[in-house]
Structures are given as C-alpha cells and as structure tokens.
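Here is what each chain is made of, one letter per residue.
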Amino acid sequence: MMLVFLACLLAVLPVVSMKSPIFGPQEVTRVEGSSVSITCYYPDTSVNRHSRKYWCKEGAKGRCTTLISDSYISKSYEGRANITSDPKSNMFVVHIERLTQSDSGKYKCGLGIVNQDLSFDVSLEVIPGPGLVNGIQVYIGDLGKTVTINCPFTSENAMEKKSVCKKVGQICFLVIDSTGYVSPDYDGRARLTIQDTNQLAFSFIINQLRLSDAGVYVCQAGHDSRGDKSNVNLQVLKPDPKLLYGDLRGSVSIDCTLGPDVDNLAKFLCRMKNGRDCEMVINTLGQRAQAFEGRILITAKVKGLFSVHINGLRKEDAGIYKCGAHSDGEPQEGWPMEAWQLFVNEETTIPRSPSVVKGVVGGSVAVPCPYNLKDKASSKFWCRWNEQNSCPQLVSSNGLVTGQQKVYDGRLTLHEEPGNGTYTVILNQLTTQDAGFYWCLTDGDTRWWFTVELQIVEGEPSLKVPQKTTALQGQTLTLPCHSPCKYFSYEKYWCKWSNKDCKVLPSKDQGSKQASVSCDQNNQVTNLVLNPVNKNDEGWYWCGVKEGPRFGETVAVYVEVKDKVKGSQDVSQENAAPGKALEPSVRKVENRVVPDPSLFEEDRAVKASEDEADKSKAPADSSSSAGQGGSSTVLVSTLVPLALVLALGAMAVAVVRARHRRNVDRISIGSYRTDISMSDFENSRDFGANDNMGASPVAQETSLGGKDEFMATTEDTVDTEEPKKAKRSSKEEADMAHTAFLLQANSMATKVQDGPSEA
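Residues numbered from 1 in each chain as written. Predicted model: local features only at pLDDT ≥ 70, side-chain atom pairs only at ≥ 80, totals over all residues. Heavy atoms only, no water.

Caption draft 1: How the structure looks around the state of the cysteines. Taken as a whole, this structure holds 10 disulfides when the rule is applied. A disulfide bridge connects C40 with C109, and the sulfur atoms are separated by 1.9 Å. What sets the handedness of the C40 and C109 disulfide is the S-S torsion sign, and at about -105 degrees it is left-handed. Pair noted here: C40 is in strand β2 (residues 36-41) and C109 is in strand β8 (residues 105-111), with a separation of 69 residues, a long-range link. Comparing C40 with C109, the two get one shared label, buried. (Disulfide = S-S within 2.5 Å. Helix = DSSP H or I, 4+ residues; strand = E, 2+ residues; numbered from the N terminus. Buried < 20%, exposed > 50% of the residue type's maximum accessible area, 1.4 Å probe, protein only.)

Next up, the structure:
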C-alpha cells in the first residue's frame with residue numbers, strides 16, 4: 001500500500017510543482033488559404049539550445065503526434081511547413097502555409113521528447129476566407145481598422161431609402177440609413193455612401209472596428225417586400241499578440257507602433273483583466289498603476305512610436321497587455337491598439353539583488369548591480385527614476401555624469417569588479433531627499449536592468465570621521481576613522497574621491513612620502529596619513545569597509561589645504577620682542593655700581609609704573625598712547641635720581657667743610673690760598689694708595705677681563721705693606737683729595753642718569 005502511495009506522489013509532484021518554461025502564443029486565428037508562423041521560446045541554457053525541437057497535434061485521447069521537428073516532417077506537412085531554430089534568441093519558429101479548416105485544433109511546441117512537459121499549448125483556428133459562403137457574403141476586418149461592405153440593389157429601388165441593420169437573434173436593429181440616422185454605438189464610426197445613380201450598390205463603411213461589430217448585417221434598399229435585401233457576415237479578427245519572454249527579476253521592453261495618425265495623442269499601456277477590461281498601467285500623462293511604481297518608464301518617440309520598459313519582473317506580471325493612443329490616455333474600444341503577451345520565466349539565471357536598501361541620514365549605502373557577463377566590456381550606469389517618466393543618469397563607468405556635480409560632488413561613485421558580473425554604486429552623506437527609486441543599467445543586454453528603492457530610516461552612521469579638516473602644506477596630517485566592533489573582521493580602507501572614481505590609497509607599508517593607511521585593530525581606528533601635505537591632497541576622502549568583493553559602509557571627509565603661515569609661532573615671537581628689548585637695559589642697570597640700594601627700588605618703581613601704564617592704555621590708539629607714556633617715563637626717570645644725587649652731594653660737601661673749618665690753618669703760598677687740616681696729612685697715605693679716591697674700603701669696584709662685576713664682602717680690611725713713595729707736599733695732597741671727591745660725586749651722578757634713561 002505504501003509503495004502505491006509513493007508512486008502516486010512521485011507521479012503527481014512534478015505536475016503540481018513544475019511550470020513549463022516553454023512559451024508561445026495561446027490562441028492563433030487565421031483565414032483559410034493564408035499562412036501562419038508560430039514562435040516558441042525556451043530558457044537560455046546550453047542543453048535547451050541543443051535539444052530537439054518539435055511541433056505536434058493533440059488527438060482525441062490526448063496523444064500528441066509529431067508533425068514536424070528539426071529532423072522529421074510528416075506527409076501532411078511536406079512542401080508547406082518548416083521549423084527554424086534560432087539559438088541566439090533562444091527560440092524556434094514553426095511556419096505553415098496554405099492553411100485549411102482541417103488544420104484547426106490544439107497543438108504543442110516543445111523541446112526534447114514529446115509528453116515531457118517541456119512544451120507549450122497552442123490553439124489554432126482556421127476560418128473561412130472572404131467570399132460567398134452558403135449564400136452569404138463574408139467580410140473580414142482587423143480589430144481597430146476599417147472595413148467596407150458593398151450592398152447591391154436593383155434599379156427599381158435606386159431612388160428609395162437605403163439602410164443597414166444588424167441581426168441579434170430574430171430582431172434586426174437599425175444601424176444607419178440614408179436619411180442621416182446613425183445608431184449611438186456607431187456614431188462617428190459608420191456612414192453610407194452612394195457614388196452615382198448608375199451604380200446599383202451603396203457602401204456601408206465602419207471605422208475603428210470593435211470585436212462587438214462582428215455579426216450578420218442586412219442591407220436594404222426600398223420598403224417591405226418590394227425592397228432589395230442582402231445578408232452580410234462580418235468577422236473581426238484580433239491581431240495576434242506579440243510575444244514577450246522575460247525572466248523573473250529581469251526586465252522587458254515593449255515597442256509599440258501605431259502609425260503617424262496618433263502621433264499627437266497621449267500614449268498608454270494597459271493590461272487585460274477577466275478577458276474584457278483593460279486596466280491602465282502607465283500613460284504619457286503621468287498616470288501609472290501602484291504595482292509598477294518605480295519600475296516602469298514610457299518614452300514617446302516620433303510617428304506614433306513609443307516604448308515601455310518594465311524592471312524587476314514578478315510572476316504576477318505575466319499576462320496580456322495592450323498599447324494604444326487616445327486623448328484621455330486610457331484605452332477606448334475601437335481605437336488602434338497592439339497586443340502583447342508577456343511570459344515570466346521562473347527558472348531564471350538572473351541572480352538575486354536587493355530590491356530595497358536602507359540608509360540613515362549622514363550614512364551611506366552600497367548597491368550591487370548584476371550584469372550579463374557577456375556585457376563585461378559595456379558601459380554601466382546608475383540613474384534616478386522620477387514621476388516625469390524619465391531616469392536621468394547620475395554616474396557611469398566614466399565617472400560622475402556632467403551636470404550632477406552640484407548634488408553628488410564627493411558623494412557618489414561606481415565601482416566595477418571585472419569578471420564577477422557585478423558593479424557597485426556607493427552613495428554617502430545621505431539626506432532625506434535621497435529616498436526614492438534608482439535603476440542599474442548597461443548599454444548591453446536590456447534584460448539585465450534592475451530597480452532598487454532607497455529608504456531613509458532612523459539611526460546613526462557606524463563609521464565616524466571629522467566633519468572637515470584643514471591642513472597646512474608641508475606638515476603631516478593624520479585623519480582617524482573609527483569603526484564599531486561589528487566591522488572588526490572587515491577590510492578597512494581610505495580612498496580619495498574624484499569625478500572618475502575613488503582611488504584606494506596604499507597601506508602604510510606600501511609606500512612612504514605619500515598618502516598611506518594604518519589600522520589599529522585594538523581600538524578599531526583606521527588612520528589616513530598625508531606626509532607631507534601638498535596642494536594636490538585637497539579634496540574628498542572616504543573611509544570604508546568591505547568584506548571580500550562586497551563593499552560596505554563608507555563615510556566622507558573634506559580636507560582643505562592651506563599655505564603654511566607663521567601663525568601662532570609668529571604671534572608668540574611678536575609678543576616676546578618687548579621683553580627681549582628690555583633685558584639688555586636691565587642687565588646694564590644691574591651691572592652698574594650704585595652706592596645707595598634705594599636707587600634700585602626707585603628703578604623698579606619706575607618700571608612697574610611703565611607696565612601698568614602699558615596695560616591701561618592697550619586699547620587706546622597706539623600712536624598717541626605710546627608717545628605720551630614714553631615722554632612721562634623718561635622725564636621722571638631722569639629728574640628724580642638727579643635731584644637725589646645733587647642733594648646728597650651738597651650735604652656731603654657741607655659736612656666736610658664744617659669739619660674742615662674746625663681744624664684748619666689758612667696758608668698762603670703766593671696767590672694761592674687754601675685751608676688745610678693737619679689731620680688730613682695723617683691719612684694722606686690712603687688717598688695716595690688708591691685709584692678710586694673717596695670710595696669705601698669695604699666696597700670696591702674691580703675690573704676683571706673687561707667686565708664689570710659688583711663684589712661685596714664683610715671681612716675686615718687688612719692693610720698690606722706698600723712700597724714707599726715720594727712724599728708730597730701738604731698742598732698737593734689737599735688738592736688731590738678735594739679733586740678726587742668732586743670727580744667721584746660727578747661720576748656717580750652721571751651713571752645714575754644714564755641707567756634710567758636707557759631703561
């Protein structure tokens with residue numbers, strides 16, 4: 001029992017689960033005596049291209065008898081049928097001539113062995129041709145075209161009323177007559193014409209034929225039994241739909257040819273529903289069905305030509321389509337239309353690609369675009385679909401398309417991976433305005449066109465870089481790129497963006513004295529190093545990650561390069577200049593011999609007043625404040641020390657003279673008169689033994705190597721034995737002592753004046 005169940009299951013499963021990939025016309029109608037060509041498509045595989053092709057007719061018991069194949073032809077088809085294979089187009093054509101009504105029936109076109117389910121069912125109907133059949137004149141017209149029916153009459157009814165009615169059951173409804181009446185169903189489409197009275201016939205003309213126009217008409221001239229009547233059989237043929245074979249996830253193009261008469265009318269494409277209604281898919285007025293949003297374009301051409309391109313084919317897209325023209329942009333019965341039958345092959349070789357990609361504001365997306373390996377040398381493009389029935393190109397294999405720099409400068413590039421059948425488009429610095437539909441295109445096989453929808457969602461970019469960086473020429477610039485732990489195993493890279501591409505920079509060990517990249521795996525920072533920076537380094541740089549050949553997230557930063565200037569270093573040197581100018585003067589003051597320490601305090605007070613004056617007058621005008629402050633400082637620093645020195649000198653002279661008068665004798669030698677103290681003679685040795693007369697023995701100024709040094713000591717002065725000198729007279733010694741004192745006082749005053757003035 002179990003074996004029977006398994007056998008039944010195996011027998012049923014292939015029928016239920018498998019859909020034949022062979023595709024051809026479902027219904028074909030031809031007139032007797034004419035010919036027919038039936039095209040059958042098959043999937044693009046090497047096995048199918050080399051398999052047997054056949055055409056067979058189903059019998060009463062369901063058996064299909066081969067009539068013709070690529071290696072056989074039956075007797076009934078000899079001399080009037082052939083089969084032609086076209087491997088490049090993945091199809092074969094069965095052509096049959098001199099059709100008869102006996103050729104009507106159900107057929108199959110297929111591959112391999114008959115009854116293997118690699119076939120497609122075709123219904124062929126052969127109808128009688130125009131002419132007299134069983135006493136009825138047969139007319140055949142094509143849908144949407146014009147037909148002329150001739151209605152004869154006798155001379156007796158030449159002046160009588162002419163009319164045409166259509167039989168519906170047992171009733172004949174008036175369509176038109178010679179008095180001017182026209183049925184509403186034929187208004188604007190039907191008319192009667194009588195060329196002259198010598199002609200014993202009038203013409204009934206119908207324009208824009210509809211399927212509903214088919215039927216039996218009665219032509220009449222005159223009334224009642226005396227009138228002339230004739231029956232006419234009108235058949236309206238539907239044009240065979242053009243076959244369109246598409247692959248799942250692939251694309252197809254529908255090229256419609258309607259003629260120059262409809263050149264100025266709106267064009268449309270509709271899809272048959274329930275065999276009667278034709279629902280609008282897209283038109284040139286901007287309308288489109290929601291199911292085709294973002295993946296369909298209609299392009300009007302000249303002389304009534306237009307094309308419709310559909311991307312991202314789905315199983316539910318299969319069916320009958322009609323393209324036409326009308327002022328309303330919608331199908332109207334009786335107007336010329338072309339029929340297309342679309343088949344979607346589910347056993348496709350087209351790889352899967354994302355139909356939706358998501359990104360965050362400030363982030364990026366990497367869109368993989370497959371292409372046919374046969375078109376690896378073709379140009380690749382990326383365009384943005386819009387609701388105005390166009391898709392302007394943004395970037396191509398040659399770089400950013402002209403005119404797109406303003407919006408996509410530093411943001412968009414196209415990477416080609418030779419040999420793997422995929423190119424990648426990267427868009428970063430995303431904004432909400434970037435959301436929409438984009439198309440992947442090549443100038444090769446149009447079946448490999450794809451649509452992707454970009455959606456902007458909430459979130460933060462994973463990669464972090466500085467927003468903008470300014471570098472100085474000649475210096476070293478290091479740009480860090482922080483990546484999260486999820487990208488630990490990914491390859492990190494930096495590239496420099498240009499209108500052509502984004503050239504990946506070499507790693508640090510691949511070159512020196514140029515841009516290089518180093519990566520620290522511990523803190524997930526990838527550094528871009530420019531050493532040294534030059535003007536050519538200015539521009540956009542991208543930091544990105546990739547996993548094998550698949551590109552991941554990227555982030556961009558703009559590097560601005562400026563000429564090197566003194567900058568903060570020069571400013572610091574300018575601020576330090578006044579201090580350096582003061583130091584020599586300070587050293588001179590410190591290196592001077594000043595007997596009174598109060599003079600140093602006075603000098604410091606003067607310097608402090610100068611600093612305070614400079615701070616308080618900094619915001620004022622530099623020329624006025626500098627002049628006034630300098631004059632005040634020089635005046636004070638000159639007069640105050642001079643007054644102190646003169647006062648001290650006057651006091652010293654007064655004290656000496658007072659003491660001198662107590663113990664002096666007035667001596668006159670010739671005309672020279674002076675007062676000499678005898679105590680001065682006792683110390684004459686001191687004045688004669690020292691060069692610096694009047695200086696204190698505790699503090700002495702000594703010249704060493706040409707430098708002035710101030711040396712102080714607290715040790716007692718020890719008299720050293722000196723060589724004997726010639727004894728001077730008392731007058732000479734007194735003159736020398738007085739002269740030494742005056743010289744010392746004058747020298748002290750001069751030195752004190754020089755110090756502050758220089759400061």
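Caption draft 2: Summary view of the nonpolar core. Core analysis: the largest hydrophobic core is formed by 32 residues, its most contacted members being V367, W382, L412, V425, L427 and Y438. Counting residues per element, this core draws most heavily on strand β33 (residues 422-428), at 4 residues. Setting aside anything within four residues of it in sequence, one finds V367 in contact with V357, W382, Y423, T424, V425, C440 and V452. Counting 29 residues, the second largest nonpolar core, distinct from the first, contains V36, Y41, I68 and M91. (Core = buried A, V, L, I, M, F, W, Y, C linked by side-chain atoms within 4.5 Å. Contact = heavy atoms within 4.5 Å.)

Caption draft 3: Structural context of the packing of aromatic side chains. Under the definition given, this model contains 16 aromatic pairs. Ring centres 5.7 Å apart and planes at 75 degrees place the aromatic pair F23 and F120 in the edge-to-face group. Of this pair, F23 sits in the loop between α1 (2-17) and β1 (27-31) while F120 sits in strand β9 (residues 119-127), and the two are 97 residues apart along the sequence. As far as the burial class goes, F23 and F120 line up, both buried. Look at W385 and F437: their rings are 5.8 Å apart centre to centre, the planes differ by 85 degrees, and that puts the pair in the edge-to-face class. Taken together, the positions of W385 in the loop between β29 (380-384) and β30 (393-396) and F437 in strand β34 (residues 436-442) put the pair 52 residues apart, joining distant regions of the chain. F437 sits in the buried class, given a relative accessible area of 18%. The ring of F153 carries the charged tip of K162 above its face, separated from the ring centre by 5.0 Å. The aromatic ring of Y371 is capped on one face by K380, whose charged end is 4.3 Å from the ring centroid. (Phe/Tyr/Trp six-rings, centres within 6.5 Å; stacked < 30°, edge-to-face > 60°. Lys NZ or Arg CZ within 6 Å of the ring centre and 35° of its normal.)

Caption draft 4: Spotlight on the environment of V565. On the secondary structure map, V565 appears in the loop between β43 (550-562) and α4 (567-591). Given the relative accessible area of 59%, V565 is considered exposed.

Caption draft 5: Quick look at the confidence of the model for the protein chain. Per-residue confidence for the protein chain gives a mean pLDDT of 77, with 70% of residues at or over 70. Predicted confidence for residues 568-632 stays below pLDDT 50, and this span has 26 contacts to residues more than four positions away or in other chains. Here residues 662-727 is a poorly scored stretch, pLDDT under 50, and it has 53 contacts once near neighbours within four places are set aside; other chains count. (pLDDT = per-residue confidence, 0-100.)

Caption draft 6: Region of the structure containing the sheet that holds strand β24 (residues 305-310). Judged by pairing direction, the sheet is antiparallel, and its 3 strands sit side by side in the order β20-β24-β23 without closing on themselves. The sheet terminates laterally at β20 (252-257) and β23 (296-300), the two strands that pair on one side only. Sheet twist, expressed as the average angle between the axes of neighbouring strands with direction ignored, equals 15 degrees. (Pairing = 2+ DSSP bridges. Axes fitted to C-alpha atoms, helices over the stretch in contact; angles between N-to-C directions.)

Caption draft 7: Main features of a nonpolar patch on the surface. Residues V168, I171 and F173 make up a contiguous nonpolar surface patch of roughly 290 Å² in combined accessible area. As for its placement among the helices and strands, V168 is situated in strand β13 (residues 162-168). (Patch = residues over 30% accessible without salt bridge, like charges linked within 9 Å, V, L, I, M, F, W, Y side chains within 5 Å. Areas by Shrake-Rupley, 256 points an atom, 1.4 Å probe, with all protein chains shown as cover. Salt bridge = Lys/Arg side-chain N within 4 Å of Asp/Glu carboxyl O.)

Caption draft 8: View of the side chain of S396. Relative to the elements of secondary structure, S396 occurs in strand β30. What makes S396 buried here is its relative accessible area of 9%. Not counting the four nearest positions on each side in its chain, S396 is found in contact with K380, F381, V401 and L414.

Caption draft 9: Broad picture of the pattern of salt bridges. For the structure on display, the rule yields 15 salt bridges. Among the ionic pairs, D44 bridges to R49, the shortest N-O distance being 2.3 Å. The partly exposed category is assigned to D44, whose relative accessible area is 33%. Notably, a salt bridge pairs R447 with D445, separated by 3.0 Å at the nearest N-O pair.

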